[in-house]
Amino acid sequence: MTRPDLNLLVTLDVLLAEGSVARAARRLRLSPSAMSRALARLREATGDPLLVRAGRGLVPTPRALELRTLTGPIVEAAEACLRPAESLDLKTLARTFTLRNREGFVENFGAGLIARVEREAPGVRLRFVQKLDRESSPLREGTVDLETAVVGDMTGPELRAQALFHDRFVAVVRPGHPLTSGEVTPARYAEGHHIHVSRRGNDVGPIDTALQALGLSRKITASVGSFSEALALVRATDLVASVPERYTGSLRENLVTFPLPVALPEITISLLWHPRLDADPAHRWLRGCVREVCAV
DNA sequence: CCACCTCGACCAAAATCCAA
DNA sequence: TTGGATTTTGGTCGAGGTGG
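Residues numbered from 1 in each chain as written. Chains lettered and ligands numbered in written order. Predicted model: local features only at pLDDT ≥ 70, side-chain atom pairs only at ≥ 80, totals over all residues. Heavy atoms only, no water.

The condition that has to hold: UniProt positions are given in the numbering used here, feature names are shortened, and annotations may be inferred rather than shown by experiment.
An unreviewed UniProt entry annotates chain A as LysR family transcriptional regulator of Ensifer adhaerens. Reading the Sequence similarities (unreviewed entry) entry of the UniProt record for chain A gives the comment "Belongs to the LysR transcriptional regulatory family."

Structure below.
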């Protein structure tokens, strides 16, 4: 009984994550041919085809899907065993972290986060990138280190998530807007002309559903893709925008904010990362920074 | 035609074996 | 114990098949 080749575990992990011999080969800096042979060895070892041809690419077998959630933590744990015990020295840590957030995050929390990082780890650079979709592949591939999101069905099951803060939707209008005087009833709110914020171009959201339950509907005059666009329009028009309160904190300066007259469930903004970085001391430190900055 | 996967032939390095 | 022969391992190269 020969011992199984544990090196294959790393290959398997990448192969399953990529779902393609060619891409896995690029990632491990091997030729596609060498990767194909590694896959052949894996098939031999596991007794399962793992990835089978489907058209131009490959699709995972049920066994492969089952293994996919197992290999990541195993590889991570194995690498942690072999790494020399490093103590994190923030003063000399030189590293760039990529954070992927929906617009509004940088405007709101960026300054605090940068100040905090600068103070504790002057050699660390933060790179903020826009989050235009809910794909979790950048985290998996390692092009993004940390992400904030509302955890939903689209979130990859293999990601780690931790709640950052709760938020609720509020309505925003310009100063002097008719809705700034008197009580805002659901009917008065619905009468206004609204800006709808949606990245995917959906026409209706939870607000419309809540209004509908009261027999009301609102008129959506404009639809935009981001909170900052919506709020810029609010400044210049009589339109009403409904945005998450904490997420848009500083963006709403000099505007009038009031609670929505309908009840909506709270949303939870979470921090997402890949299990691979779970034990990384520097990454753990950064997660702590983000948590603290967002908790204020 | 292009992108992708697989295979045979071949090669270098490492591991193993074995006689002296 | 050691030095050389042999086997194993894991890679490249190039060719070939397949499907969009």
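A look at helix 8 (residues 206-213)
Spelled out, the test is: Any residue under 20% of the maximum accessible area for its type is buried, any over 50% is exposed, and the rest in between are partly exposed; the area is computed with a 1.4 Å probe on protein chains only. The numbering of helices and of strands both runs from the N terminus, where a helix is a DSSP run of H or I of at least 4 residues and a strand a run of E of at least 2. Summarising the geometry, the arc corresponds to the directions from the helix axis toward the C-beta atoms. Residue contacts are defined here by distance: any two heavy atoms, one from each residue, within 4.5 Å place the two residues in contact.
Every buried residue belonging to helix 8 is among I207, D208, A210 and L211, and all of these are buried. Along the long axis of helix 8, the arc covered by the buried residues comes to 160 degrees, so they all point the same way. Pointing more than 90 degrees away from the buried face of helix 8 are the exposed residues P206, Q212 and A213. Each element contacted by the buried residues of helix 8 is listed here: helix 7 (186-191), strand 9 (219-224) and strand 10 (240-244). Following helix 8 by one or two positions, G215 adopts a phi angle in the positive range, close to 75 degrees.

Structural notes on the packing of aromatic side chains
For clarity, the cut-off: Each Phe, Tyr or Trp ring (for Trp, its six-membered ring) is paired with any other whose centre lies within 6.5 Å, and the angle between the two planes then decides the class: stacked below 30 degrees, edge-to-face above 60, tilted in between.
Going through the model one piece at a time under the given rule, you end up with five aromatic pairs. Arranged with centres 5.3 Å apart and planes meeting at 50 degrees, the rings of F105 and F109 form a pair that is tilted. Highlighted residues: F105 and F109, both in helix 5 (residues 105-120), separated by four residues, approximately one helical turn. An identical accessibility class is assigned to F105 and F109; each is buried. A centroid spacing of 6.4 Å and a plane angle of 50 degrees characterise the contact between F105 and Y247, whose relative ring orientation is tilted. Within this pair, whereas F105 is found in helix 5, its partner Y247 is found in the loop between strand 10 and strand 11 (256-259), the two being separated by 142 residues in sequence.

A look at a nonpolar patch on the surface
Rule in force here: Patches here are clusters of residues that have more than 30% relative accessible area and form no salt bridge, with a 9 Å joining cutoff for like charges and a 5 Å cutoff for nonpolar side chains (Val, Leu, Ile, Met, Phe, Trp, Tyr). Per-residue accessibility takes into account occlusion by the displayed protein chains alone, with areas from the Shrake-Rupley method and a 1.4 Å probe. Whenever Lys or Arg places a side-chain nitrogen within 4 Å of a carboxyl oxygen from Asp or Glu, that contact is recorded as a salt bridge.
On the surface, V10, L28 and L30 cluster together to form a nonpolar patch covering roughly 200 Å² of accessible area. Among the secondary structure elements, V10 is positioned in helix 1 (residues 7-18).

Examining the protein's contact with DNA strand C
Put simply, the test is: Only heavy atoms are used to decide nearness, and a residue is near a molecule or strand if one of them lies within 4 Å of it. Here a polar contact is taken to be a pair of N or O atoms separated by no more than 3.5 Å, where protein atoms must pair a possible hydrogen donor with a possible acceptor and residues adjacent in sequence count only if both atoms sit in side chains.
Taken together, the residues surrounding DNA strand C are D5, L30, S31, S33, A34, R37, R41, R53, G55 and R56. Taken together, the sugar and phosphate atoms account for 57% of what DNA strand C places within 4 Å of the protein. Between DNA strand C and R41, the relevant distance is 3.4 Å, taken from a phosphate oxygen to a side-chain nitrogen or oxygen of the residue. Here a base nitrogen of DNA strand C sits 3.3 Å away from a polar atom, N or O, in the side chain of R53. Here the surface near DNA strand C gets four residues from one element, more than from any other, and that element is helix 3 (residues 32-46).

Considerations on the protein's contact with DNA strand B
Close to DNA strand B lie S20, V21, A22, P32, S33, S36, R37, L39, R43, R53, R56 and L58, which account for all nearby residues. Side-chain polar atom of R53 to a sugar or linking oxygen of DNA strand B: 3.4 Å apart, as the coordinates give it. Contributing elements (two or more residues each) for the surface near DNA strand B: helix 2 (21-27) and helix 3. Per-element tally for the surface near DNA strand B: the top contributor is helix 3, with six residues.

Some words on the packing of helix 5 against helix 10 (residues 281-295)
The line we're drawing: Angles run from 0 to 180 degrees between N-to-C directions of axes, and those axes are lines fitted to C-alpha atoms, restricted for helices to the stretch in contact. What sets the label is the angle itself: under 35 degrees gives roughly parallel, over 145 gives roughly antiparallel, 65 to 115 gives roughly perpendicular, and the rest give oblique. Left-handed is the label given to a crossing in which the near helix is rotated counterclockwise from the far helix by less than a right angle, and right-handed is the label when the rotation is clockwise. Amino acid classes used here: Ala, Val, Leu, Ile, Met, Phe, Trp, Tyr, Cys and Pro are nonpolar; Asp, Glu, Lys and Arg are charged; the rest, including Gly, are polar.
Between helix 5 and helix 10, the least distance of the axes is 9 Å, while the angle of their chain directions is 130 degrees. Put simply, helix 5 runs oblique to helix 10. For the crossing formed where helix 5 meets helix 10, the hand is right-handed. Along its contact with helix 5, which presents F105, F109, G112, L113, R116, V117 and E120, the element helix 10 presents W285, L286, C289, V290, E292, V293 and C294. Residue composition of the contact of helix 5 with helix 10, grouped by class: ten nonpolar, one polar and three charged.

What to know about the confidence of the model for chain A
This is how it is decided: Each residue carries a pLDDT score, the predictor's confidence in it, ranging from 0 to 100.
Confidence in the prediction of chain A, expressed as mean pLDDT, is 82, and 93% of residues score 70 or more. Element-level mean pLDDT values for chain A span from 77 in helix 6 (residues 137-141) up to 91 in strand 3 (residues 95-101).

Focus: the packing of helix 1 against helix 3
At a minimum axis separation of 10 Å, helix 1 and helix 3 run at an interaxial angle of 110 degrees. The angle between helix 1 and helix 3 places the two elements in the roughly perpendicular class. Here L8, T11, L12 and L15 of helix 1 come into contact with helix 3, specifically with M35, A38, L39, R41 and L42.

Structural notes on the nonpolar core
The nonpolar side chains of a soluble globular protein tend to be buried, and buried together. Rules: Buried Ala, Val, Leu, Ile, Met, Phe, Trp, Tyr and Cys residues form a nonpolar core when they are joined through side-chain atoms within 4.5 Å. Domain delimitation in this document rests on an assignment produced automatically or drawn from a domain database.
Core analysis: the biggest nonpolar cluster contains 40 residues, and F97, L113, V124, L126, W285 and V290 have the highest contact counts within it. A total of seven residues in this core trace back to one element, the largest contributor, which is helix 10. Split by domain, this core shows at least three residues from each of two domains, domain 2 (95-160 + 269-295) and domain 3 (169-265). When sequence neighbours within four positions are dropped, the list of residues in contact with F97 reads V124, R125, L126, R127, D145, A282, H283, W285 and L286. Formed by 16 residues, the second largest nonpolar core is a distinct cluster that contains V14, L16, M35 and L42.

Describing the pairing of strand 7 (residues 169-173)
Selection rule: The pairing criterion is simple: DSSP has to find at least two bridges between the two strands.
Strand 7 sits mainly inside the fold: four of its five residues count as buried. Across four bridges, strand 7 lies against strand 10 in antiparallel orientation. Within strand 10, the position partnered with V172 by the bridge is A241. Sheet analysis places strand 7 next to strand 11, joined by four bridges and oriented antiparallel.

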